[in-house]
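Listed below, chain by chain, are the residues.
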Amino acid sequence: HPIVAYDVRPDELGDVDACMSRTGVEIIIRNTRLELAGIDDLPETDAVSILGQSIVDAELMAALAERGVKYLSTRTVGFDHIDLDAAKNFGITVGHVTYPPNSVAEYTVMLILMTLRRMKLVMHRAQIQDFSLMGSQGSELGNSTVGILGTGRIGAMVANFIKPFGTRVLATDPYPKSELEGIVEYVDLDTMLAESDLVTLHAPASEANHHLIGAERLAKMRKGATIVNCGRGDLIDAEALISALESGHLAGAALDVLENDLEYFHRDVRLGTIRHRNLVLLRSFPNVLVTPHIAFYTREVVSAMVEQSVDSLLEMRKSGTSPLVVGGAV
Ligand code: COI
């Protein structure tokens, strides 16, 4: 049987070809998202690979099961676009990938520095030959307290990257890491919010984490603090964030993710109408840098996404499971 891969971008094709040569398994490619409306287009297969654009809800999961799909792998770390309860009900095993955290961690450090140095404003000004200084004054990372929400692989790497600047690093996580001793001080969320000049989010999206940073918690942040999000859009209540920026309580933000961002990100929608008011509004602030869910996007990561997804599906096919399985029928 072939593997069927959805959401495949042209830049993944080389890696898909390499996987086919290496494994001898055919991979049928779709450049569209996997959705109920197009389910008749699904070739006969037990194994499907997707990206974050394909939202697999209970209805779609049922349709997949009905067509004989047993293994579903997302070529992403996050799997909040997949209904794991439904997967369990319909007997589908679900896996993700765990590409190295370097790309997102490096990107986060870049956004942290860009935010502290007001780089969106500076670049806009330079572009129109406004080389003045007023309003562009920044602050130093080494003189800042940074709060890291979530010290999984990415958050921990960000902590290690920024510590040598001289930064005081606070962190919250339900599972503190002993190897971060001397690098971060674990505190409770309220303390972290109250004491940080900048908060960076590295938690997964889940029901419990939905709008974890809402109006109340934004109010607990330091006046003049900034927030960076290279994790998941759902972690922030965007409307509350907009209010905190409008009131001047927060000095800025850098957001690589927004709720439902993949409805627009990773596509050229210049000629379209954006029906995502938070995206449009946030993008318009001179002190809010919005980038299109691109922190992951390096050569290294794309290869790992394709390879791990294909290898994991083959492993599931062979043994019923794989180390990358996250739920469903396990
Ligand atoms: C992830 O790997 O979780 C990402 O956010 C990557 C993106 C292609 C959806």
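Residues numbered from 1 in each chain as written. Predicted model: local features only at pLDDT ≥ 70, side-chain atom pairs only at ≥ 80, totals over all residues.

A. Focus on the site of the ligand. What surrounds the ligand is the set L51, G52, T76, V77, G78, H293 and F296. Residue composition of the shell around the ligand, grouped by class: three nonpolar, four polar and no charged. (Near = placed C-beta within 6 Å. Nonpolar A, V, L, I, M, F, W, Y, C, P; charged D, E, K, R; others polar.)

B. Layout of the nonpolar core. Ranked by internal contacts, the top residues of the largest apolar core, which has 87 residues, are V48, L72, A159 and L250. When residues are assigned to domains, this core turns out to be shared by domain 1 (3-99 + 299-328) and domain 2 (102-290), each giving three or more. Residues contacting L72, with those up to four places away along its chain left out, are V48, V56, L64, A87, I92 and V94. (Core = buried A, V, L, I, M, F, W, Y, C linked by C-beta atoms within 7 Å. Buried ≥ 20, exposed ≤ 12 C-beta atoms within 10 Å, placed from the backbone. Domains from an automatic or database assignment. Contact = placed C-beta atoms within 7 Å.)

C. Examining the sheet that holds strand 4 (residues 71-74) more closely. Read from one edge of the open sheet, six strands run 2-1-3-4-5-13, paired in mixed fashion. Of all strands in the sheet, those with a lone pairing partner are strand 2 (27-29) and strand 13 (325-328), marking the two edges. For this sheet, the mean angle separating the axes of adjacent strands, direction not counted, is 25°. Packed onto the sheet, helix 11 (residues 299-319) meets strand 1 (3-5), strand 2, strand 3 (47-50), strand 4, strand 5 (93-95) and strand 13 and runs at close to 160° relative to strand 4. (Pairing = 2+ DSSP bridges. Helix = DSSP H or I, 4+ residues; strand = E, 2+ residues; numbered from the N terminus. Axes fitted to C-alpha atoms, helices over the stretch in contact; angles between N-to-C directions.)

D. Molecular detail of the pairing of strand 11 (residues 250-255). With six of six residues buried, strand 11 lies mostly within the body of the structure. As paired elements, strand 10 (residues 225-229) and strand 11 share five bridges and run parallel to each other. From the neighbouring strand, A225 faces strand 11, where its bridge partner is L250. Taking the sense of rotation as the criterion, the β-α-β connection linking strand 10, helix 9 (residues 238-246) and strand 11 turns out right-handed. Summarising the sheet, strand 11 and strand 12 (residues 288-290) pair through three bridges and their orientation is parallel. Note on strand 12: the bridge partner recorded for A254 is L289. (Right-handed = clockwise from strand over helix to strand, strands pointing away.)

E. Representation of helix 9 in the model. Those residues of helix 9 that fall on the buried side of the exposure criterion are A238, L241, A244 and L245. Along the axis of helix 9, the buried positions cluster into a sector of 115°, meaning they face one direction only. Where the residues of helix 9 are buried, they touch helix 8 (215-220), strand 11, helix 10 (277-284) and strand 12. (Arc of directions from axis to C-beta.)

F. How the structure looks around the packing of helix 4 (residues 102-116) against helix 6 (residues 153-162). The geometry of helix 4 relative to helix 6 is characterised by a closest axis approach of 9 Å and an angle of 50° between their N-to-C directions. By the angle between their directions, the pair helix 4 and helix 6 is classed as oblique. The handedness of the crossing between helix 4 and helix 6 is right-handed. Taking contact as the criterion, the partners of N102, V104, A105, T108, V109 and I112 in helix 4 are, on helix 6, I154, M157, V158, F161 and I162. Broken down by class, the residue content of the contact of helix 4 with helix 6 amounts to nine nonpolar, two polar and no charged. (Parallel < 35°, antiparallel > 145°, perpendicular 65-115°, else oblique. Left-handed = near helix turned anticlockwise from the far one by under 90°.)

G. Local environment of the domain arrangement of the chain. Domain boundaries in the chain define domain 1 (3-99 + 299-328) and domain 2 (102-290). The distance between the C-alpha centroids of domain 1 and domain 2 comes to 30 Å. Listed per partner, the contact involves six residues of domain 1 and six residues of domain 2. Its residues placed into classes, the side of domain 1 that touches domain 2 shows one nonpolar, three polar and two charged.

H. Broad picture of the environment of S206. Residue placement: S206 occurs in the loop between strand 9 (198-201) and helix 8. When the 13 C-beta atoms within 10 Å are taken as the criterion, S206 is described as partly exposed. In sequence terms S206 and L235 are 29 residues apart; their C-alpha atoms lie 8.6 Å from each other.

I. Focus on the sheet that holds strand 11. The strand order across the open sheet built from seven strands is 8-7-6-9-10-11-12, with neighbouring strands paired in parallel fashion. Taken across any chain shown, the strands that pair with only one partner, and hence form the sheet edges, are strand 8 (185-186) and strand 12. Examined bridge by bridge, strand 7 (residues 168-172) and strand 8 share two bridges and lie parallel to one another. Considered in strand 8, the bridge of L170 is made with E185.

J. A look at unusual backbone geometry. If you check the backbone angles, D7 has positive phi at about 60° while not being a glycine. Along the polypeptide, D7 turns up in the loop between strand 1 and helix 1 (13-23). According to the C-beta neighbour criterion, D7 is buried, with 22 such atoms within 10 Å. A positive phi angle, near 50°, is found at H293, a position not held by glycine. With respect to the secondary-structure elements, H293 resides in the loop between strand 12 and helix 11. Using a count of 20 C-beta atoms within 10 Å as the deciding quantity, one classes H293 as buried.

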